[in-house]
Amino acid sequence: MPFDDVGYMSHTERILAIETSGRCGSVATLWGDANEASLIGQAVLTGSQRTAQSLAPAIQQLLASANWSPNYVDLVAVAVGPGSFTGLRIGVTTAKAFAYAVDAELVGVNTLTALAAQTPPSASPLWTVLDAQRRELFAAKFRVAQRLDIRVERSTAIVPQERWLASLTAGDRVVGPALKRLLALLPGGVVALPEELWQPMATAVGQVAWKVYQAGQRDDVWKLAPNYYRPSAAEEKRLG
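Residues numbered from 1 in each chain as written. Predicted model: local features only at pLDDT ≥ 70, side-chain atom pairs only at ≥ 80, totals over all residues. Heavy atoms only, no water.

If you had to explain the confidence of the model for the chain to someone new, which residues and values would you point to?
Taken as a whole, the chain shows an average pLDDT of 91; of its residues, 90% reach a score of 70 or greater. Below a pLDDT of 50 lies the segment residues 1-10, which in the model reaches 14 contacts outside its immediate sequence neighbourhood of four places, other chains included. (pLDDT = per-residue confidence, 0-100. Contact = heavy atoms within 4.5 Å.)

An account of the side chain of T94 is requested, with residue identities and associated values reported.
Structurally, T94 can be placed in helix 2 (residues 85-102). Of note is the side chain of T94, whose polar atom sits 2.8 Å from the backbone oxygen of I90. (Helix = DSSP H or I, 4+ residues; strand = E, 2+ residues; numbered from the N terminus. Polar contact = N/O pair within 3.5 Å; in protein donor to acceptor, adjacent residues only side chain to side chain.)

Pulling in residues and values, what's your account of the packing of helix 1 (residues 52-65) against helix 2?
It is the contact of helix 1 with helix 2, at a shortest axis distance of 10 Å, that shows an interaxial angle of 50°. Taken together, the axis directions place helix 1 and helix 2 in an arrangement best described as oblique. Remark: the crossing between helix 1 and helix 2 carries right-handed chirality. Where helix 1 abuts helix 2, its residues A52, L55, I59 and L63 lie against I90, G91, T94 and F98. (Axes fitted to C-alpha atoms, helices over the stretch in contact; angles between N-to-C directions. Parallel < 35°, antiparallel > 145°, perpendicular 65-115°, else oblique. Left-handed = near helix turned anticlockwise from the far one by under 90°.)

So, the side chain of T113: which residues are in play, and what are the values?
Considering the arrangement of structural elements, one finds T113 in helix 3 (residues 111-117). By relative accessible area, T113 is classed as buried at 18%. In this structure, T113 is in contact with F142, I150 and V208, ignoring residues within four places of it in sequence. (Buried < 20%, exposed > 50% of the residue type's maximum accessible area, 1.4 Å probe, protein only.)

Quick one: what's the story with the pairing of strand 7 (residues 136-146), residue by residue and with numbers?
When strand 6 (residues 126-131) meets strand 7, the two strands line up antiparallel, connected through six bridges. By the bridge assignment, L130 is partnered in strand 7 with F138. Hairpin geometry of strand 6 and strand 7 is characterised by an intervening segment of four residues between the two adjacent antiparallel strands and by a positive phi of about 65° at Q133. Two elements, strand 7 and strand 8 (residues 149-160), share nine bridges in a ladder whose sense is antiparallel. Following the sheet pairing, Q146 is matched in strand 8 by D149. (Pairing = 2+ DSSP bridges.)

Would you mind going over the packing of aromatic side chains in detail, with residue names and values included?
Applying the stated criterion across every chain yields a total of six aromatic pairs. Ring centres of W210 and Y213 lie 5.4 Å apart, and the angle between their planes is 25°; on these two criteria the pair is classed as stacked. Of this pair, W210 and Y213 both sit in helix 6 (residues 202-214), three residues apart, roughly one helical turn. Side by side, W210 and Y213 carry an identical accessibility label, which is buried. The side chain of R218 reaches across the aromatic face of Y213, ending 3.6 Å from its centre. (Phe/Tyr/Trp six-rings, centres within 6.5 Å; stacked < 30°, edge-to-face > 60°. Lys NZ or Arg CZ within 6 Å of the ring centre and 35° of its normal.)

Structure follows, in structure tokens:
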């Protein structure tokens, strides 16, 4: 098997992953091979660090810790929504600029799919939920029977909180940041996954991106945009 100039097998590809959909964020470096993307390093960003001014230095430090020059990166993966308007704009803009600058491939990943990817496999249905404000949720339903074998049962949508709670049945699993205020309201028999899995992470974004990248998916660096799933408050005011 041929090796590249830093001693790794040449069929591997270097991945930079960015997740900025919530109050906190993260960036990660991963190695993608024929099996899956393996984590090299990950940095968690606090709310004050999840800004355009802070994200670039965090990426620079992470690449340095992996001993990567920016132009070593082959694939940039980024969460494209749902999530915070500001956070998604920062993450997607940074990912596009970086991919363009180093001539890397680009893949956008649904935030709720990334959440599903970091949960343990189970035969039980899995709901992933983000707070959409106004007593509404961004929600999607999946089956994750095997690691990274993510089957969509209900696509991402904005759902009233009460309607979503009423739709849950015993045996359903639930994960996501919205559980911070919904945990006590879950019906009996519904399983909330451990709190350490509630926050979508860049590692999962990179792993999902690598899987679809291997299947042939690429995003256009000029056309990729955040998917907010609703107009901004300013747009709603203008349209209303």
